[in-house]
Amino acid sequence: MIDARLLDAVGALIEAHARPDHVPLIGIAGAQGSGKTTLTRLAAERFGAACLSLDDVYLTKSERERKGRAVHPLFAMRGPPGTHDLGLLEATVGALPAAGADSRTPLPSFDKLADDRRREADWPMFAGRPTAVLVDGWCLGATAQADVELVEPVNALEGERDGQGVWRRAVNAELAGTYAEVFNRFDAMLFLKAPSFDAVLDWRCEQEAGLMGLAPGDLPPKRRAELTAFIQYFERITRHMLAGGVRADVTVPLGEDRRLIF
């Protein structure tokens, strides 16, 4: 259930940046399980906006594998900065405001089970010209870290597979470069702030249990361990964002139950 105040907050951002000749581009950021995608979709329905996710513009599997060979093997895993096709994102958010009443604009789509982008023929279409373009993403608005913050690993993944810091420095350079340029083109950002990184794991496990038709407490321990390992790819930047390393116009603090606490 999405708190109506969140929908109002998105609506206020759209209204604040709407002009006859301009379709607002609004980002909705938040850690895994924070509800950002659900909020984005509901807001799009309410306000006549187009929506897509940063998850929809991952590099293809073969592109990530090539980057893994060229830069660092961890880039083969989708998720962190450096694994997205930002050119595709910009082309899409640029095409939507230029659409007419009879236009149909393709929206990129990624198949997470296949770990690859869907064929363009299978992408959904947005009909007409949107009132706004809403994009959700876990790292939207994240800022780069200082070099000194990259020295020590934050978890076992970094310690065991990135001992020299090549991957985390490369990810940070992506954030400081092209990602920052793209984020700066957004009219506004709303950030759903988790209470802690520990809550993120609980939320992600809750999501997984729901997909399996289980109560959260019935998620098999093996699967929780797998998710614990998986979210290590996101831990450094998530912790940085929770500590203030994010550019956001509106920050909404969430409790452990995802309820607003303001």
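This section reports on the structure supplied with the text. All of these numbers come straight from a predicted model, not from anything done at the bench.

**A short note on the nonpolar core**
Next, step 1: If you look at the biggest cluster of nonpolar residues, it comprises 73 residues, and the most contacted ones within it are Leu 39, Leu 89, Leu 134, Val 135 and Leu 190.
Next, step 2: Filtering out sequence-adjacent residues up to four positions away, Leu 89 remains in contact with Leu 52, Leu 54, Val 57, Val 135 and Val 182.

**Observations regarding the pattern of salt bridges**
Next, step 1: Tallied over the full model, the rule gives 20 salt bridges.
Next, step 2: Between Asp 122 and Arg 119 there is a salt bridge whose closest N-O contact spans 3.1 Å.
Next, step 3: We classify Asp 122 as partly exposed; its relative accessible area is 43%.
Next, step 4: Arg 119 gets classed as exposed once you look at its relative accessible area, which sits at 57%.
Next, step 5: The salt bridge partner of Glu 235 is Arg 239, with a shortest N-O separation of 2.8 Å. Here the residue Glu 235 and the residue Arg 239 both occupy positions in helix 9 (residues 232-242), the gap between them amounting to four residues, near one helical turn.

**Observations regarding helix 6 (residues 166-183)**
Next, step 1: The end-to-end C-alpha distance of helix 6, which contains 18 residues, comes to 24 Å, matching closely the 26 Å that a straight helix rising 1.5 Å per residue would cover.
Next, step 2: Remark: the principal bend of helix 6, roughly 35 degrees, maps to Leu 175.
Next, step 3: Those residues of helix 6 that fall on the buried side of the exposure criterion are Trp 167, Arg 168, Ala 170, Val 171, Asn 172, Leu 175, Tyr 179, Ala 180, Val 182 and Phe 183.

**Thoughts on helix 2 (residues 36-47)**
Next, step 1: Under the 1.5 Å per step criterion, the end-to-end length of helix 2 is 16 Å for 12 residues, consistent within 8% with the ideal 16 Å.
Next, step 2: Three or more residues of helix 2 are buried, namely Lys 36, Leu 39, Thr 40, Ala 43 and Ala 44. Down the axis, helix 2 shows its buried residues gathered within 130 degrees of arc, on one side only. For helix 2, the exposed residues set more than 90 degrees away from the buried face come down to Arg 41 and Glu 45.
Next, step 3: Buried positions along helix 2 lie against helix 1 (4-17), strand 1 (25-30), strand 2 (50-53), strand 7 (133-137) and strand 8 (188-193).
Next, step 4: Two residues or fewer past helix 2, Gly 48 is found with a positive phi of approximately 70 degrees.

**Focus on the sheet that holds strand 2**
Next, step 1: Read across the sheet, five strands follow the order 2-7-1-8-9 without closing on themselves; strand pairing throughout is parallel. Both edges of this open sheet fall to strand 2 and strand 9 (250-253), since each of them pairs with a single strand only. Pairs of neighbouring strands in the sheet enclose a mean axial angle of 15 degrees, with direction left out of account.
Next, step 2: Where strand 8 lies against strand 9, four bridges are found, and the strand directions are parallel.

**Thoughts on the packing of aromatic side chains**
Next, step 1: In this structure the tally under the stated criterion is six aromatic pairs.
Next, step 2: Arranged with centres 6.1 Å apart and planes meeting at 85 degrees, the rings of Trp 167 and Tyr 233 form a pair that is edge-to-face. On the criterion of sequence distance, the pair formed by Trp 167 in helix 6 and Tyr 233 in helix 9 is long-range, its members being 66 residues apart.
Next, step 3: Assessed through its relative accessible area of 3%, Trp 167 is described here as buried.
Next, step 4: Under the relative-accessibility criterion, Tyr 233 is labelled buried at 11%.
Next, step 5: Taken together, the aromatic side chains of Trp 138, Trp 167, Phe 230, Tyr 233 and Phe 234 make up a single cluster linked through ring pairs.

So, how was this worked out
- Residues numbered from 1 in each chain as written.
- Predicted model: local features only at pLDDT ≥ 70, side-chain atom pairs only at ≥ 80, totals over all residues.
- Heavy atoms only, no water.
- Core = buried A, V, L, I, M, F, W, Y, C linked by side-chain atoms within 4.5 Å.
- Buried < 20%, exposed > 50% of the residue type's maximum accessible area, 1.4 Å probe, protein only.
- Contact = heavy atoms within 4.5 Å.
- Salt bridge = Lys/Arg side-chain N within 4 Å of Asp/Glu carboxyl O.
- Helix = DSSP H or I, 4+ residues; strand = E, 2+ residues; numbered from the N terminus.
- Expected span 1.5 Å × (residues − 1).
- Bend = angle between axes of the 7 residues up to and from the residue.
- Arc of directions from axis to C-beta.
- Pairing = 2+ DSSP bridges.
- Axes fitted to C-alpha atoms, helices over the stretch in contact; angles between N-to-C directions.
- Phe/Tyr/Trp six-rings, centres within 6.5 Å; stacked < 30°, edge-to-face > 60°.

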